[in-house]
Amino acid sequence: MSALNTAGLSAGFSAAPSGTAQSGTAAFNAAENAAMQAALAAAAQGPRGANPLVGAVVVGTDGTHLATGYHRGAGTAHAEADAIGQAKAAGRDLRGAAIVVTLEPCNHCGRTGPCAQAIIDAGITDVIYAVDDPHDPAAGGAVTLRAAGVRVRSGLAAEAALDLNRRWFDAVAAKRPFVTLHIAQTLDSRIAASDGTSQWISSPESLADNHALRGRIDAILVGTQTVLIDNPRLTARNANGEAEGKQPLRAVMGYRGIPDDAAIHGADGNVLHLATRDPREALDQLFAHGVRHLMVEGGSRILSAFLAAGLVDELIVYLAPTLLGSGTAALDDLGITTLADAQRWEWDPASGGAVQVLGRDLRLHLRPAATADDADPAGPAATPTSSDTTPHRTGADTAAGGN
Ligand SMILES: NC(=O)c1ccc[n+]([C@@H]2O[C@H](COP(=O)([O-])OP(=O)(O)OC[C@H]3O[C@@H](n4cnc5c(N)ncnc54)[C@H](OP(=O)(O)O)[C@@H]3O)[C@@H](O)[C@H]2O)c1
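Let me begin by describing the structure that accompanies this report. (Residues numbered from 1 in each chain as written. Predicted model: local features only at pLDDT ≥ 70, side-chain atom pairs only at ≥ 80, totals over all residues.)

Quick word on the nonpolar core
Counted only if it meets this: Working definition: the nonpolar core is a set of buried Ala, Val, Leu, Ile, Met, Phe, Trp, Tyr and Cys residues, joined through C-beta atoms within 7 Å. Burial is judged by counting the other C-beta atoms within 10 Å of a residue's own C-beta: 20 or more makes it buried, 12 or fewer makes it exposed, and any count in between marks it as partly exposed, with every C-beta position built from the backbone. Once C-beta atoms have been placed from the backbone, residue pairs whose C-beta atoms lie within 7 Å are recorded as contacts.
Residues A39, V58, I99, V100, I119 and F306 are the most contacted members of the largest nonpolar core, which totals 100 residues. In contact with A39, not counting residues within four places along its chain, are G55, A56, V57, V100, V101 and T102.

Here it is, written out as structure tokens:
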């Protein structure tokens with residue numbers, strides 16, 4: 001335990017003996033568990049994508065929750081900075097306080113400052129986090145915090161924290177973008193009528209939601225056939241139909257070339273032709289271009305190829321109360337011939353919830369159901385617990401940084 005540590009924390013965050021290994025939730029007291037549950041609930045409010053969902057609770061020396069923060073997506077404040085900022089804005093003195101975080105505080109991050117330093121600067125003396133950040137193993141935030149005399153423990157609610165970002169950890173370990181798959185379909189699972197018309201199956205509210213998502217992702221992907229039939233722009237547009245804000249890289253997958261006059265070229269020419277039919281190869285090329293969050297938008301053969309390859313981390317379905325009876329089915333053959341092999345998905349309550357009503361449509365939000373591999377403690381995302389004196393790292397190195 002550090003010299004700076006835990007004075008006055010008896011009402012909430014009781015100190016474990018110096019150097020004692022922590023394990024699971026049993027090694028942490030009820031107040032610490034409660035703070036972590038609040039941090040996990042806060043984390044789930046953020047958007048899934050290039051960065052993990054992260055929540056943080058600053059706990060005062062009397063055990064009260066001074067502020068709760070969460071990460072709102074790439075380029076925005078990290079959960080710790082959000083919580084510390086709120087507490088400071090409320091005039092709280094954070095000297096001697098504790099912070100409970102669902103992911104190891106970052107040591108170095110790209111677009112925002114390092115959280116470990118922000119914690120040290122705030123005078124916080126006790127850090128509890130759930131799981132290690134798999135980025136940048138050489139320079140973890142826990143090491144920096146300990147070196148500054150901050151007491152650091154980890155492993156509290158590790159299973160829940162790993163599950164929260166299960167597919168993000170997988171994507172990081174595989175060095176590929178996090179993949180969101182989008183389907184705008186009728187009630188009978190059609191994404192276009194038999195004459196090829198598909199604009200618009202969705203309500204204006206669903207389209208606005210989709211354009212907001214386009215403004216957060218790094219890249220958007222369609223098949224060559226969609227470019228040839230729909231001639232889409234694939235820009236993030238406002239309600240007036242004007243391109244607005246950050247624009248994603250526009251990627252087209254397939255062997256055929258893109259016509260010179262295709263609208264997808266746009267004014268900026270920020271287009272990438274992926275001359276492949278292999279989804280993993282496409283992801284590798286996009287990752288090499290710096291893409292960390294990809295939205296796959298269609299059509300059905302591209303959607304099916306990514307689903308069949310198990311390369312979809314998040315599924316968003318805009319379901320319109322419309323029937324066509326014929327036309328292009330949302331999905332093609334997934335290579336499944338018996339129910340036992342069906343792909344299992346689960347409703348995702350994070351990032352806005354499992355079901356939203358958008359105008360006349362339903363927006364369904366799902367993620368792949370957990371598999372036996374996900375529960376394997378030796379799996380790529382597994383994180384051991386740690387003590388004050390036992391720094392450790394897990395996971396893979398990637399070019400991206402922090403939560
Ligand atoms: N409602 C919606 O949200 C939505 C969104 C997008 C599209 N759509 C509709 O979807 C329809 C197009 O769907 P689609 O299935 O015909 O075309 P698609 O999925 O857009 O493109 C299929 C083409 O992509 C290439 N390709 C790349 N990888 C492939 C793979 N693994 N397997 C098969 N082909 C691969 C092939 O062309 P190459 O010969 O060039 O390799 C193939 O012909 C259009 O009617 C469009 O309006 C609807």
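Side note on the site of the ligand
Defined as follows: Nearness rests on one distance test: the residue's C-beta atom, set from the backbone, must lie within 6 Å of the molecule or strand. The helix and strand labels rest on DSSP assignments: H or I over at least four residues marks a helix, E over at least two residues marks a strand, and numbering proceeds from the N terminus. Throughout this entry, Asp, Glu, Lys and Arg are counted as charged residues, while Ala, Val, Leu, Ile, Met, Phe, Trp, Tyr, Cys and Pro are counted as nonpolar. The remaining residues, Gly among them, count as polar.
In the region of the ligand, 27 residues are neighbours, and G223, Q225, G254, G298 and G299 sit closest. At the level of elements, β6 (178–186), β7 (190–192), β8 (219–223), α8 (224–230), β11 (293–298) and α10 (300–308) are the ones that each hand at least two residues to the shell around the ligand. Here the shell around the ligand gets five residues from one element, more than from any other, and that element is α8. For the shell around the ligand, the class distribution of residues is 11 nonpolar, 11 polar and five charged.

Some words on the sheet that holds strand β1 (residues 55–59)
For clarity, the threshold we go by: For two strands to be treated as a pair, DSSP must find at least two bridges joining them. To define axes, lines are fitted to C-alpha atoms, for helices over the stretch in contact only, and angles between the resulting N-to-C directions are given on a 0 to 180 degree scale.
Within the open sheet, the five strands sit side by side as β2-β1-β3-β4-β5. Their pairing is mixed. Two strands in the sheet have a free side with no partner beyond their single neighbour: β2 (65–70) and β5 (151–154). Going from strand to strand, the sheet's axes swing by 15° on average, the running direction of each strand aside. Bridging between strand β4 (residues 126–131) and β5 involves four bridges; their strand directions are parallel. Bridging across to β5, V127 finds its partner in V152. The strands touched by helix α1 (residues 30–43) are β1, β2, β3 (98–103) and β4; relative to β1, the strand with the most contacts, the crossing angle is about 140°.

Considering α10
Along α10, the residues classified as buried are S300, I302, L303, A305, F306 and L307. In the segment just after α10, G310 is the residue with positive phi, at about 70°.

Let's talk about the packing of helix α2 (residues 79–89) against helix α3 (residues 115–122)
When two helices pack together, their arrangement is captured by the angle between the axes and the distance separating the axes. In plain terms, the rule: In what follows, roughly perpendicular refers to angles from 65 to 115 degrees, roughly parallel to angles under 35, roughly antiparallel to angles over 145, and oblique to any angle outside these ranges. Take the far helix as the reference: if the near one is turned anticlockwise from it by less than a right angle, the crossing is left-handed, and if turned clockwise, right-handed.
Where α2 contacts α3, the two axes come as close as 9 Å, and the packing angle between them is 25°. Overall, the two elements α2 and α3 adopt an arrangement that is roughly parallel. The chirality of how α2 crosses α3 is left-handed. Contacts between α2 and α3 pair E80, A81 and I84 from the former with C115, A118, I119 and A122 from the latter. Its residues assigned to classes, the contact of α2 with α3 shows six nonpolar, no polar and one charged.

Quick word on the pairing of β11
Among the six residues that make up β11, six are buried, leaving the element largely enclosed by the rest of the structure. Inspection of the sheet shows β8 paired to β11 by four bridges, in the parallel sense. In the strand pairing of β11, A219 is matched with L294.

Some words on α3
The element α3 is extensively covered by neighbouring structure, given that six of its eight residues are classed as buried. Looking only at α3, the buried set comprises C115, A116, A118, I119, I120 and A122. Contacts made by the buried residues of α3 are with α2, β3, β4 and α4 (141–147). Phi for G123, located one or two positions after α3, is positive at around 85°.

Brief notes about the environment of M295
Considering the arrangement of structural elements, one finds M295 in strand β11. Of the residues examined, M295 has 26 C-beta atoms within 10 Å and is grouped as buried. Sequence spacing of M295 and I217 is 78 residues, and the spatial spacing of their C-alpha atoms is 6.9 Å. If we ignore the near neighbours within four places in the chain, the residues touching M295 are T180, H182, L213, R214, I217 and I220.

Some remarks on the pairing of strand β15 (residues 355–358)
Here β15 pairs with strand β16 (residues 361–368) via four bridges, running antiparallel. Pairing of L358 across the sheet is with D361, part of β16. Hairpin connection from β15 to β16: two residues lie between these consecutive antiparallel strands, with G359 at a positive phi of about 60°.

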